[in-house]
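Observations on the three-dimensional arrangement
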Amino acid sequence: MEVKNTIKILQDQMGVPFFPVVFQFLMVLTFTLHIFFVNLAIGTLLISLYLSFKRDEFSKRLSSSLIKMTPISISLAILFGIAPLLFVQVIYDAFFYTASTLLGFYVTLFIFSMMIAYTSVYIGYYNKEKKEGIFKFFVLLALLLFFFSGFIIHSVIYLSLLPDKWMSLYTSLLPVNTSGLNLKYFQISRFLHFIIPSLIQTGIIIMLYSDYFKNREDFEKNYLEWSYKFGSKIALLFLIIQILIGIWFLLEVPFEFKFFFNHFLIVGIIFSLVLFYFLYVSSKKVYSFPKIILLLSLITIFLMSYAREILRMNYLSQYGYSIYNYKMNLDIGSTLLFFLTFVMGLVIISFILYISFKAGKVKGVYTSSEKEIKWGKFSIILMVLWLAIVVLLGIIITIKNIS
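First, a word on what this report is: a plain description of the structure on this page.

Reading guide: rules and limits
- Residues numbered from 1 in each chain as written.
- Predicted model: local features only at pLDDT ≥ 70, side-chain atom pairs only at ≥ 80, totals over all residues.
- Heavy atoms only, no water.
- Helix = DSSP H or I, 4+ residues; strand = E, 2+ residues; numbered from the N terminus.
- Contact = heavy atoms within 4.5 Å.
- Buried < 20%, exposed > 50% of the residue type's maximum accessible area, 1.4 Å probe, protein only.
- Core = buried A, V, L, I, M, F, W, Y, C linked by side-chain atoms within 4.5 Å.
- Polar contact = N/O pair within 3.5 Å; in protein donor to acceptor, adjacent residues only side chain to side chain.
- 1 Å grid on protein atoms, 1.4 Å probe; cavity = no way out; pocket = protein on both sides within 12 Å on 5 of 7 lines; lining within 4 Å.
- Points joined across faces, edges and corners; volume = space filled by probe spheres on them.
- Nonpolar A, V, L, I, M, F, W, Y, C, P; charged D, E, K, R; others polar.

A short note on the side chain of Ser-64
Assignment of secondary structure puts Ser-64 in helix 3 (residues 57-91). With near-sequence residues (within four places) excluded, Ser-64 lies in contact with Lys-128 and Glu-129.

Structure, rendered in structure tokens:
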């Protein structure tokens, strides 16, 4: 059977519940947020571990501050990772599920790897000030497991782009290979292109950290200026490395895709060069442009994520697949529930981030304003309402299915 026909059979015969182009845009948008926090989680671990080997007071202090950011970054990475994963499962179901099945052993291992890594982060975090040796061991363990987990996901996504390789993996043993151990196809340049930005984003966050606390009396001026310079140097150095790896990756993309001329890629490269300029200027002058640099970085990630999506479409178009041709069976109810959940999540997360931002500006206990208290109560009511609606829908659907 031809690959093209196989893919048609593997697709959900019910079709997608809403316009695929909308799902595609939301997938890229939420992936941008997801990968930003993934980068931040890995970057804070890496730099915190590196600084813990230094003997000077500033390095020790910054190392302690960075490890405090890691658990929050991981939580947000997981939270924002749910949406793009769901969208991939909807509009690229035939590819994602097949690749996940062929690598089933590793996909299962991924869950345990993430659980142990997350636990290790907390063990390291709680031992940072007490037992430095335990901190270093568990942070290193967490890093290795996060890299391994990232490599598994990378391999699944890469294999999903190569349907013509699936049969050879499935039939590599007699009678058939159902081991789920078919880890054969991966692309190091592509994987590194996701990992290296960890140090760019964390460098930028260190710059913002210094800028944020510069008016607090309990933070020494020398320490904050040192942190800012350190962060800008890290970000600048690894942006250069990222550009070189990007060139390596581009050279491995099949030439017939003409990916070099992709509009998102070209604009993304322009933004990364502008980012480079601002980082260079900022490395020479403390506290210059940190917020603009963060904004430029986020826009660059979004553009590169869209270029990545276009590249996926190029790969799959070889097999006659386009999400725009996917059968649509309009389901307003489930789509509306998703969008309401998305908006509710944004309201609640915005509240948490806003209060955290305001609280850190003052020394000691922060007292919320009346408006902030109302916003908090509103967020709790939203959460309770959402839970009630989801439970009620679950009960109604279950009863309907039974009857």
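Having seen the model, we can carry on.
Quick look at helix 8 (residues 188-195)
Residues Ser-189, Arg-190, Phe-191 and Ile-195 constitute the buried set of helix 8. Contacts from the buried residues of helix 8 go to helix 2 (20-52), helix 6 (132-160), helix 9 (197-213), helix 10 (221-252) and helix 12 (290-317).

Comments concerning the nonpolar core
Judged by nonpolar contacts, the single largest core of 43 residues is most densely connected at Ile-91, Tyr-92, Phe-95, Leu-159, Phe-259, Leu-311 and Tyr-321. Here Phe-259 is in contact with Leu-250, Val-253, Leu-265, Ala-307, Leu-311 and Asn-314, once residues within four sequence places are set aside. Among the nonpolar cores identified, the runner-up in size contains 42 residues, and Leu-208, Phe-213, Tyr-223 and Ile-245 belong to it.

Let's talk about unusual backbone geometry
Look at Tyr-287: it is not a glycine, yet its phi comes out positive at around 70°. Turning to its location among the elements, Tyr-287 is positioned in the loop between helix 11 (263-284) and helix 12.

Thoughts on the side chain of Ser-210
Among the secondary structure elements, Ser-210 is positioned in helix 9. There is a polar contact of 3.2 Å between the side chain of Ser-210 and the backbone oxygen of Leu-224. With residues near it in sequence (within four places) discarded, Ser-210 still touches Leu-224, Ser-227, Tyr-228 and Tyr-287.

Quick word on the layout of surface pockets
In this structure, the largest pocket encloses a volume near 1,600 Å³. Along the wall of the largest pocket there are 34 residues; nearest its centre are Met-69, Ile-205, Leu-353, Ser-356 and Phe-357. Breaking the lining of the largest pocket down by element, the ones donating at least two residues are helix 2, helix 3, helix 9, helix 12 and helix 13 (332-359). Along the walls of the second largest pocket sit 39 residues, with Phe-31, His-34, Val-38, Phe-110 and Ile-153 positioned nearest its centre. For the lining of the second largest pocket, the elements supplying multiple residues, two or more each, are helix 2, helix 3, helix 4 (93-102), helix 5 (104-126), helix 6, helix 8 and helix 12. Tallied by class, residues from the lining of the second largest pocket come to 26 nonpolar, nine polar and four charged.

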